[in-house]
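For reference, the chains in residue letters:
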Amino acid sequence: PNNKSLKFYFIQKLCFGIAIDFSFVTENVMTKQIQLDRVKFWIDNGVLFCKVQNSNNGQVIKKDNINDYVKAIAALSCGEYYPLLIDFRDVDNKDTIAQVRLLANNTELKSVILSKSFVVNSAFMQFMLVVLHGIYDPIIPNKVFKNFESAFQYSVEINQIFNAHS
């Protein structure tokens, strides 16, 4: 089969037969990954991962694209709730603050995930986001980490707590 038919099959079968069509998506059928331009989503070990790659054109994650990310998350999670771990380590610091704030405060995103963990590339950026840019959310926890393993462990714990009570 050609790439287009594989894409359609993948999206159709991803959520137990629910067809969600993304004409702008590239995905790996075997590992259930969805890539939207320079942002890749996948689920592993009960955690929904989002890897943001650097762009020479400024911000990768923009307000106009959030709905596409929510659709991708919904397609991957198939109605289940997962903690979202967003890896910004490869993104320039100047672009990270605006992108994290956009994701931290988005109401549509809150409806499809358990929590948000942001991994950044420096302690300075971690401080800037936590102290100066107010990403606190009383409904969906937002945490900023410098260490990927700590963010992953936090996300696994959130998922275990949620599943223990559901």
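Look up a bit, the structure's there.
Residues numbered from 1 in each chain as written. Predicted model: local features only at pLDDT ≥ 70, side-chain atom pairs only at ≥ 80, totals over all residues. Heavy atoms only, no water.

### Re the overall build of the protein
The helix and strand inventory of the protein stands at six helices and seven strands. Starting at the N terminus, the α and β elements of the protein follow one another as α-β-β-β-β-α-β-α-α-β-α-β-α. Taking all 166 residues of the protein together, 46% fall into the buried category. Taking all contacts inside the protein whose residues are at least 6 apart in sequence as the whole, residues at least 24 apart take part in 65%. As displayed, the protein has an accessible area near 9,000 Å², and 53% of this comes from carbon and sulfur atoms. (Helix = DSSP H or I, 4+ residues; strand = E, 2+ residues; numbered from the N terminus. Buried < 20%, exposed > 50% of the residue type's maximum accessible area, 1.4 Å probe, protein only. Contact = heavy atoms within 4.5 Å. Areas by Shrake-Rupley, 256 points an atom, 1.4 Å probe, with all protein chains shown as cover.)

### Considerations on the pairing of strand β5 (residues 82–87)
When you tally the buried positions in β5, you get six out of six residues, the bulk of the element. Both strand β4 (residues 47–52) and β5 contribute to a ladder of four bridges, which runs parallel. Following the sheet pairing, L48 is matched in β5 by L84. (Pairing = 2+ DSSP bridges.)

### Examining the pattern of salt bridges
Applying the stated criterion across every chain yields a total of three salt bridges. For K51, the salt bridge goes to D87, with nearest N and O atoms at 3.3 Å. Of the two residues, K51 is situated in strand β4 and D87 in strand β5; the sequence distance between them amounts to 36 residues. A salt bridge links D90 to K51; the nearest nitrogen and oxygen atoms lie 2.7 Å apart. Note that D90 is positioned in the loop between β5 and α3 (93–104) and K51 in strand β4, a separation of 39 residues in sequence. D90 sits in the partly exposed class, given a relative accessible area of 41%. The exposure class of K51 is buried, given its relative accessible area of 17%. Among the ionic contacts, a cluster of salt bridges with common partners joins K51, D87, R89 and D90. (Salt bridge = Lys/Arg side-chain N within 4 Å of Asp/Glu carboxyl O.)

### Overview of the packing of aromatic side chains
In this structure the tally under the stated criterion is seven aromatic pairs. With 6.2 Å between their ring centres and 70 degrees between their planes, Y81 and F162 make a pair best called edge-to-face. Taken together, the residues span a long stretch of sequence, with Y81 in the loop between α2 (66–77) and β5 and F162 in helix α6 (residues 148–165) at a distance of 81 residues. Residue Y81 is classed as partly exposed on the basis of its relative accessible area of 38%. Through successive ring pairs, a cluster of aromatic residues spans W42, F49, F148 and F152. Over the ring of W42 we find K40; its NZ or CZ atom is 5.2 Å from the centre of that ring. (Phe/Tyr/Trp six-rings, centres within 6.5 Å; stacked < 30°, edge-to-face > 60°. Lys NZ or Arg CZ within 6 Å of the ring centre and 35° of its normal.)

### So, a nonpolar patch on the surface
On the surface, a cluster of nonpolar side chains totalling about 270 Å² of accessible area is made up of F127, V130 and V131. Position of F127 relative to the elements: it lies in helix α5 (residues 123–132). (Patch = residues over 30% accessible without salt bridge, like charges linked within 9 Å, V, L, I, M, F, W, Y side chains within 5 Å.)

This is a description of form; function is not addressed.
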